[in-house]
Amino acid sequence: EPEVTQTPSHQVTQMGQEVILRCVPISNHLYFYWYRQILGQKVEFLVSFYNNEISEKSEIFDDQFSVERPDGSNFTLKIRSTKLEDSAMYFCASKAEPVGNQPQHFGDGTRLSIL
Amino acid sequence: AQRVTQPEKLLSVFKGAPVELKCNYSYSGSPELFWYVQYSRQRLQLLLRHISRESIKGFTADLNKGETSFHLKKPFAQEEDSAMYYCALATGGGNKLTFGTGTQLKVEL
């Protein structure tokens, strides 16, 4: 069964540094998402992406964050200048169709630790 | 704004006992609801969606619009059901998911 893959599984970065988290969505999917989960808290929506542009973003997704689909397969999340509070598990998800009742498929996540 | 509430952080039951994981939602539109499960150190996996009205691994969930609930039920808990369960609501043109805080189900022998 096809899966969403994320790399790296764990990223340790100094505060103030840029970080790029990578995701390969399921190949025929059209909608892509990033979520994050701070330790002990719930999973929170960051951004959705469709047709090479952001379709929706949350308050968390400020100017420090950006997303890109640089080639036909990768979907990246960049944090420009990391802060301590960016430490979290980041999940990528993808979905086949823009229909509400279609499920999103999640990757294993990247644990981001900011020092 | 939409919201999903899972009132129990931890639910502990004995093997063979019935299980009910509670989920309530708040949304002005027509809700699209899901249950996701996360086994230890694994990814979030879709368990159920309300539109399909199916039973997966013995679990069922019925959408009750009057009570704005989507509780997850299983008549006889198994040890392998121990996991974190998240209720989620899809909204907006991009169908973003709003998650509840999750319920840790622990099935004891």
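Small disclaimer: the values here were computed from a predicted structure and weren't measured.

Q: Hey, could you go over the overall build of chain B for me, with residue numbers and the actual values?
A: The helix and strand tally for chain B stands at 0 helices and 11 strands. N-terminal to C-terminal, the α/β element order of chain B is β-β-β-β-β-β-β-β-β-β-β. At 13 Å, chain B has a C-alpha radius of gyration in line with the 13 Å of a compact globule built from 109 residues. With the C-alpha coordinates of chain B rotated into their principal frame, the extents come out at 45 × 30 × 25 Å. Out of the 109 residues belonging to chain B, those deemed buried represent 48%. Computing the positive centroid from 14 side-chain charges and the negative centroid from 10, chain B places the two 6 Å apart.

Q: Summarise the state of the cysteines; cite the residues concerned and give the values.
A: Residue and element names in this part refer to chain A. Inspection of the entire model under this criterion finds 2 disulfides over all chains. Disulfide partner of Cys-23: Cys-92, at an S-S distance of 2.0 Å. Judged by the torsion about the S-S bond (-65°), the Cys-23/Cys-92 disulfide is left-handed. One end of the pair, Cys-23, is in strand 3 (residues 19-24); the other, Cys-92, is in strand 9 (residues 88-95), and 69 residues separate them in sequence. Like Cys-23, the residue Cys-92 is buried in the burial classification.

Q: Run through the interface of chain A and chain B, naming residues and quoting values.
A: On the side of chain B, 21 residues touch chain A, which itself brings 24 residues to the contact. In total, chain A and chain B occlude about 1900 Å² of area from one another, counting both sides; carbon and sulfur atoms represent 50% of this. Together, A:Lys42, A:Asn101 and A:Phe106 form the three largest contributors to the area buried by chain A at its contact with chain B, with a combined 29%. The interface formed by chain A and chain B holds 3 salt bridges in total. Residue A:Glu3 pairs with B:Arg43 through a salt bridge whose shortest N-O separation is 3.5 Å. For the interface between chain A and chain B, the tally reads 10 residue pairs in polar contact (both at pLDDT 80 or more). Elements with a contribution of two residues or more to the side of chain A that touches chain B: strand 4 (31-37), strand 5 (44-50), strand 6 (53-57) and strand 9 of chain A. It is strand 4 of chain A that provides the largest number of residues to the side of chain A that touches chain B, a total of 4 residues.

Q: Tell me what's going on with the packing of aromatic side chains, and back it up with residues and numbers.
A: Tallied over the entire structure, the rule returns 17 aromatic pairs over all chains. Arranged with centres 5.4 Å apart and planes meeting at 40°, the rings of A:Phe32 and A:Phe75 form a pair that is tilted. Of this pair, A:Phe32 sits in strand 4 while A:Phe75 sits in strand 8 (residues 75-79), placing them 43 residues apart in sequence. Accessibility classification places A:Phe32 together with A:Phe75 in one group, the buried group. Where A:Phe106 meets B:Tyr36, the ring centres are 5.4 Å apart and the plane angle is 85°; that geometry is what we call edge-to-face. Highlighted residues: A:Phe106 in strand 10 (residues 105-106) and B:Tyr36 in strand 5 (residues 32-38), drawn from two different chains. The same class applies to A:Phe106 as to B:Tyr36, namely buried. By way of ring pairs, the aromatic residues A:Tyr31, A:Tyr33, A:Tyr35, A:Phe45, A:Tyr50, A:Phe91, A:Phe106, B:Phe34, B:Tyr36, B:Tyr86 and B:Phe99 are connected into one cluster.

Q: Let's hear about unusual backbone geometry: which residues, and what values?
A: With omega at -10°, the peptide bond leading from A:Thr7 into A:Pro8 counts as cis. Tracing the backbone through its elements, the reader meets A:Pro8 in the loop between strand 1 (5-7) and strand 2 (10-13). The phi angle at B:Lys57 is positive, at roughly 55°, despite the residue not being glycine. By the element assignment, B:Lys57 lies in the loop between strand 6 (45-49) and strand 7 (60-61). Assessed through its relative accessible area of 49%, B:Lys57 is described here as partly exposed.

Parameters at a glance
- Residues numbered from 1 in each chain as written.
- Chains lettered and ligands numbered in written order.
- Predicted model: local features only at pLDDT ≥ 70, side-chain atom pairs only at ≥ 80, totals over all residues.
- Heavy atoms only, no water.
- Helix = DSSP H or I, 4+ residues; strand = E, 2+ residues; numbered from the N terminus.
- Rg over C-alpha atoms; globule rule 2.2 N^0.38 Å.
- Buried < 20%, exposed > 50% of the residue type's maximum accessible area, 1.4 Å probe, protein only.
- Lys, Arg positive; Asp, Glu negative; His and termini not counted.
- Charge placed at Lys NZ, Arg CZ, Asp CG, Glu CD.
- Disulfide = S-S within 2.5 Å.
- Contact = heavy atoms within 4.5 Å.
- Buried area = accessible area lost by both parts, 1.4 Å probe.
- Salt bridge = Lys/Arg side-chain N within 4 Å of Asp/Glu carboxyl O.
- Polar contact = N/O pair within 3.5 Å; in protein donor to acceptor, adjacent residues only side chain to side chain.
- Phe/Tyr/Trp six-rings, centres within 6.5 Å; stacked < 30°, edge-to-face > 60°.

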